[in-house]
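For reference, the chains in residue letters:
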Amino acid sequence: PSDKARQGACRESGYAVKFADANTVHCVGTGTILTSNDAGLSWAVDRRGDAFSVDLYGLALVGAKGWATGQEGLILHRAAN
C-alpha cells in the first residue's frame, strides 16, 4: 500500500489504515472512521464520534465486511450493501 493513505486527515488522527483495494482505503482514529476512494488523496467521514465517543484502534476487512475495535471493548461491524 502507498504512503498516500497516511496523508491529510488520516495522518492526524488515524490509528489503523487498511486498503480494501488499490484505491479504497479505510482509516479509524479518534471517534471517527474515514474512507478514501482515491488511495488516500482525499477523505470522507464515514462515521463520526457523535455515534460513539471512544477511540478506535483496530480495523479488519474481509471482502465487503469490516470491523473496527476500540476502547471499552467496542466492536463495530459493517457489511457493504
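Residues numbered from 1 in each chain as written. Predicted model: local features only at pLDDT ≥ 70, side-chain atom pairs only at ≥ 80, totals over all residues. Heavy atoms only, no water.

Looking only at helices and strands, the protein chain features 1 helix and 7 strands. Reading the secondary structure of the protein chain in the N-to-C direction produces α-β-β-β-β-β-β-β. Within the span of the protein chain, comprising 81 residues, buried residues form 35% of the whole. At a minimum sequence separation of 6, the contacts of the protein chain that also span at least 24 residues come to 28%. In the structure as shown, the protein chain presents an accessible area of about 5000 Å², 48% of it carried by carbon and sulfur atoms. (Helix = DSSP H or I, 4+ residues; strand = E, 2+ residues; numbered from the N terminus. Buried < 20%, exposed > 50% of the residue type's maximum accessible area, 1.4 Å probe, protein only. Contact = heavy atoms within 4.5 Å. Areas by Shrake-Rupley, 256 points an atom, 1.4 Å probe, with all protein chains shown as cover.)

Overall, antiparallel pairing links the 3 strands, which are arranged S5-S6-S7 in an open sheet. Both outer strands of the open sheet, strand S5 (56-62) and strand S7 (75-79), are each paired with one neighbouring strand and no more. Neighbouring strand axes in the sheet, compared pairwise and without regard to direction, differ in orientation by 15° on average. (Pairing = 2+ DSSP bridges. Axes fitted to C-alpha atoms, helices over the stretch in contact; angles between N-to-C directions.)

So, about the environment of histidine 26. Position of histidine 26 among the secondary structure elements: in strand S2 (residues 25-29). What makes histidine 26 buried here is its relative accessible area of 15%. Residues histidine 26 and alanine 39, spaced 13 residues apart in sequence, show a C-alpha to C-alpha distance of 9.5 Å. At 3.2 Å, the side chain of histidine 26 and the side chain of threonine 35 are in polar contact. (Polar contact = N/O pair within 3.5 Å; in protein donor to acceptor, adjacent residues only side chain to side chain.)

The phi dihedral of alanine 39 falls on the positive side, at around 60°, and the residue is not glycine. Within the element layout of this structure, alanine 39 appears in the loop between strand S3 (33-36) and strand S4 (44-47). Overall, the relative accessible area of 10% leaves alanine 39 in the buried class. For glutamate 72, which is not a glycine, the phi torsion comes out positive at approximately 60°. Relative to the assigned elements, glutamate 72 resides in the loop between strand S6 (65-70) and S7.

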